[in-house]
Structures are given as structure tokens and as C-alpha cells.
Amino acid sequence: MQRVTIVGSGFAALTSVIELRKRAPEVEITLVSRRPEFVYYPGLIWVPCGLRTGDDLVIDLRPFFEHMKVKHLAGEATGLKNGGRLLETTHGSVENDGLIIASGGRFIKTLPGIEHAIVPCEGVVAAKEIRDRVRAMDGGHIAMGFASNPNEPSAMRGGPIFEFLFGLDSQLRREGRRDRFSLHFFSPAERPGNRLGPKAVEGLLAEMARRGIQTHLGHRLKGFSETRVTTEAEEFAADLILFMPGLTGNAWFDATDLPRSPGGLIKADAQCRVPGFERVYVAGDAGSFPGPDWMPKQGHMADLQARAAVRNLLAEFAGKKPTASFRVELLCIVDTNDSGMLVARNERFNLVLPSLRLFHWFKRMFEWMYLNRYR
């Protein structure tokens, strides 16, 4: 019986489990993660306004693992030996015949004063802190922004900041408090969100202007303080700062011989294989994949990569050449708490549909459908 080890319990990891069970029911699966739970990060945008509590976005995976006959090892990966056949963890070593690394990325926290900013996508605790801080404010300045990995510009996840920004504007207007706040958006990019496509960027900036959100674009960030954001060009007041830094690889990669991209992620080929390692694959934010510079770091892309990785690993088990690749596409709804702008992009077209209330309900319906498979 072939043994597959999966590192992580996010989008790519769980999709790998489903795909393995669908295609190879007899495979023995061990999944390594800190806790047997899945956090649905896209729903964090609705915690500040109360549409979600945060706790309702944390799914207990124990019933899912039991149903899928997955052995869960509560621990963290710490290293890799024997060409990938031995995964070292905080709870001992795990042997495998095939390895899928889906442990996500790590935020780069080197900007001076970053301790004064909340990183929204760090989890439920961060989203609750945003909710509580906003509730406690009578007024003031709120700044939100994102940056990329300077050595690998595609290693970033800025989309949620747009949703927190527009969502907070909608929330404050609904509460009758918007006139007591100034909202700021900042980014070192001159055209932030360019991976969504030129039309989307124009739409996002126009929406900010319509909502009276001040923009600070095109200048390198120098740092934060408790009350200010500083760039190379200016300083502006900020009583609350939300910031999404660029992504790099997990710290445990440093204890391995895994090939790394300029930005510190694991190098992968078009089949999600890790070069130089037999039957070792990577999917999701942990990997650096060949493709267009707008390839997104998002759950949908992680799912597509995970399916390709599983198909190729099983092909190798069968003595065949791994040939499955993944399509590169961006699909998202930029939500505002009560409406949303639909953006779709692949190598043939780029579709942008204006903000509609219907898209907000599509996003909520998709969340229900996606999480229902794990409940």
C-alpha cells in the first residue's frame, strides 16, 4: 500500500485529500498540521461587520478525517531527509512514498514598526481585533495597504485588503459614523491590484474615489508607528493600520535542501513537481510555479494545483510519466459587505463585471457550499 504524506490543512492540503480518495481509495494518507482544523480565510472580511463571528469560520476536521480515513498528526514539519522520503516533525519522523507540501506561505514582517499593524489574513484572532478596535473608535484615521515580496512580486495576497477597505466603508455608513473617519489606502505599487487586470484596477480606484477613500500610491514604505504610516514621499495619520506584507516560504524550508525561488518559496515545475526530488510535490502558497506574472495566490489556484499534484503523483506510483498541468486562472468577487465586483482572468480573457448585490450572495453561497464538504 502506497503511503502519502500531506503537510498542511488549508485549501491545497484538503483538496489533495479529496482528490486522493477519489482516485486512489487504497492509498494510506497521513496529514501533518498543528491542529485538525480548517480556517476559511476568505470569510474573515465579514468578521468586523458581524456577518461572521470568526469562530464559525473554523471547521473541526476530525469527522472529515475519519470519513476520509486520514491519519492526522498534530505537529509541525521541521525538516526533510532521504530525498523527501522522511518528513521530520515536532512529533517524530514520518516515512512516505509520496509527499505533497501544502503548508502555505509566511508573511514577511521586516518593515520597521510592523508590530503596530494588524495582518488581517493571519486568522480569526486578527479579524476579531479589527472588529473590536473599530467598535471602540469614536472616529479617526484608518489606513489599509499591502506590499509584495521584493524578490518575487507575485508572492503577495492583496485582494482581501480591498474587501476589508470597502467593507469597512459600507459598515461605517450603515452605522451612521462614516463622517467621523478618514479611510486611507496605501501601496508601493502605482497600480495596485494589477494582477486582476487593467479594467479591474481602474474600477477599484474609481470606487475608492467615489467612496472618499484617500490613496497613497507608488512610493516605497518606510515604516509604521502607533499613529502614522510613513512612505518615501509622505507621512499620514493612522489610528488603526491593516497591512498585508508579501509572502515568503515557511521557516522549516530552511532546514531542507528543497530548491527555492528568489522569494524563498519552493520551486515547482508545470506539473507541481519539486525539481531534484522524486515524488515530492508542492501546491498552493508554498510554491513558486511557472506561468504569467499575474498568477494569483488564492484558494482557487491552490485547489487547481493540488488536483494536478495528486494526478501526477498517482501517475508516478503507476510507473507512468506525470503530465497533468493546471490551468492558470483568477476568479474572485471583490466584496463590499452588501455587493461585489466579479473578476475573472485567464490567458485568453479578462472579465470584470460591476459591483452587484447578487455577487455578494454568490460569494456567501460559495462559502456555504465549500465548507459543507468538511462539516
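Owing to the predicted nature of the structure, the values given are computational and were not obtained by experimental measurement.

Conventions and cut-offs
Residues numbered from 1 in each chain as written. Predicted model: local features only at pLDDT ≥ 70, side-chain atom pairs only at ≥ 80, totals over all residues. Heavy atoms only, no water. 1 Å grid on protein atoms, 1.4 Å probe; cavity = no way out; pocket = protein on both sides within 12 Å on 5 of 7 lines; lining within 4 Å. Points joined across faces, edges and corners; volume = space filled by probe spheres on them. Helix = DSSP H or I, 4+ residues; strand = E, 2+ residues; numbered from the N terminus. Nonpolar A, V, L, I, M, F, W, Y, C, P; charged D, E, K, R; others polar. Polar contact = N/O pair within 3.5 Å; in protein donor to acceptor, adjacent residues only side chain to side chain. Contact = heavy atoms within 4.5 Å. Pairing = 2+ DSSP bridges. Axes fitted to C-alpha atoms, helices over the stretch in contact; angles between N-to-C directions. Patch = residues over 30% accessible without salt bridge, like charges linked within 9 Å, V, L, I, M, F, W, Y side chains within 5 Å. Areas by Shrake-Rupley, 256 points an atom, 1.4 Å probe, with all protein chains shown as cover. Salt bridge = Lys/Arg side-chain N within 4 Å of Asp/Glu carboxyl O. Buried < 20%, exposed > 50% of the residue type's maximum accessible area, 1.4 Å probe, protein only. Domains from an automatic or database assignment. Buried area = accessible area lost by both parts, 1.4 Å probe. Phe/Tyr/Trp six-rings, centres within 6.5 Å; stacked < 30°, edge-to-face > 60°. Parallel < 35°, antiparallel > 145°, perpendicular 65-115°, else oblique. Left-handed = near helix turned anticlockwise from the far one by under 90°.

**Things to note about empty space enclosed by the protein**
Thinking step 1. Tallied over the entire structure, the rule returns 1 cavity of 30 Å³ or more.
Thinking step 2. Put simply, the largest cavity is a space of about 80 Å³.
Thinking step 3. Around the largest cavity, the lining is made up of 13 residues, and of these Pro48, Ile130, Met144, Phe164 and Leu168 lie nearest the centre.
Thinking step 4. Among the secondary structure elements, those contributing two or more residues to the lining of the largest cavity are helix H3 (124-136), helix H4 (159-174) and strand S17 (240-244).
Thinking step 5. For the lining of the largest cavity, the leading source of residues is H4, giving 5 residues.
Thinking step 6. Of the residues contributing to the lining of the largest cavity, the split by class is 9 nonpolar, 3 polar and 1 charged.

**Re the side chain of threonine 248**
Thinking step 1. Within the secondary structure layout, threonine 248 lies in strand S18 (residues 247-248).
Thinking step 2. There is a polar contact of 2.7 Å between the side chain of threonine 248 and the backbone oxygen of glycine 263.
Thinking step 3. The residues touching threonine 248, leaving out its near neighbours within four places in the chain, are Gly105, Arg106, Ile108, Asn149, Gly263, Gly264 and Leu265.

**Here we look at the sheet that holds strand S2 (residues 28-33)**
Across a sheet, strands are paired by hydrogen bonds formed along the backbone, either parallel or antiparallel in direction.
Thinking step 1. Strand order in the open sheet made by the 5 strands is S5-S2-S1-S9-S20, with parallel pairing throughout. Across the chains shown, the open sheet's two edge strands, defined by having one partner strand only, are strand S5 (70-74) and strand S20 (280-282). Pairwise comparison of adjacent strand axes, ignoring direction, gives a mean angle of 20 degrees for this sheet.
Thinking step 2. Pairing of strand S1 (residues 3-7) with strand S9 (residues 98-101), which is carried by 4 bridges, proceeds in the parallel orientation. Bridged to isoleucine 6 within S9 is isoleucine 100.

**Remarks on a nonpolar patch on the surface**
Thinking step 1. Side chains of Leu356, Leu358, Phe362, Met365, Trp368 and Met369 sit close together on the surface and give an oily, nonpolar patch of about 620 Å² of accessible area.
Thinking step 2. A per-element tally of the nonpolar patch places helix H7 (residues 357-372) first, with 5 residues.
Thinking step 3. When its relative accessible area of 39% is taken as the criterion, leucine 356 is described as partly exposed.

**Examining the domain arrangement of the chain**
Thinking step 1. One can read the domain layout of the chain as domain 1 (3-105 + 249-318) and domain 2 (112-246).
Thinking step 2. When each unit is reduced to the centre of its C-alpha atoms, the spacing between domain 1 and domain 2 is 29 Å.
Thinking step 3. With 23 residues of domain 1 at the contact, the number on the domain 2 side is 22 residues.
Thinking step 4. Summed over both partners, the interface of domain 1 with domain 2 comes to about 1,800 Å²; 57% of that surface belongs to carbon and sulfur atoms.
Thinking step 5. On the domain 1 side of the interface with domain 2, the three residues burying the most area are Ile45, Pro48 and Lys297, jointly 31% of the side's total.
Thinking step 6. Inspection of the domain 1/domain 2 interface yields 2 salt bridges.
Thinking step 7. Taken together, the links from domain 1 to domain 2 amount to 9 residue pairs in polar contact (both at pLDDT 80 or more).

**Quick notes on the packing of aromatic side chains**
Thinking step 1. For the structure shown, the criterion picks out 21 aromatic pairs.
Thinking step 2. The rings of Phe11, Phe38, Tyr40, Phe64, Phe65, Phe366, Tyr370 and Tyr374 are connected pair by pair, giving a single aromatic cluster.

**Some words on the packing of helix H1 (residues 11-23) against helix H6 (residues 299-317)**
Thinking step 1. It is at 8 Å that the axes of H1 and H6 come closest, and there the two elements cross at 40 degrees. By the angle class used here, H1 and H6 are oblique. H6 is crossed by H1, and the crossing has right-handed handedness. From H1, Phe11, Ala12, Thr15, Ser16, Glu19, Leu20 and Arg23 reach across to H6, where they touch Gly299, Ala302, Asp303, Ala306, Arg307, Val310, Arg311 and Leu314.

**Description of the side chain of glutamate 163**
Thinking step 1. Inspection of the secondary structure puts glutamate 163 in helix H4.
Thinking step 2. The buried category is assigned to glutamate 163, whose relative accessible area is 9%.
Thinking step 3. Filtering out sequence-adjacent residues up to four positions away, glutamate 163 remains in contact with Ile45, Ile333, Val334, Asp335 and Lys363.

**Thoughts on the pattern of salt bridges**
Thinking step 1. If you walk through the whole model with that rule in mind, you get 28 salt bridges.
Thinking step 2. In this structure, glutamate 95 engages arginine 3 in a salt bridge whose closest nitrogen and oxygen atoms are separated by 3.3 Å. One end of the pair, glutamate 95, is in strand S8 (residues 92-95); the other, arginine 3, is in strand S1, and 92 residues separate them in sequence.
Thinking step 3. Across the pair aspartate 254 and arginine 260 runs a salt bridge, and its minimum N-O distance is 3.0 Å.
Thinking step 4. Since its relative accessible area comes to 55%, aspartate 254 is described here as exposed.
Thinking step 5. Bridged by salt links that share partners, the residues Asp169, Arg173, Arg178, Glu207, Arg210 and Arg211 form one connected network.

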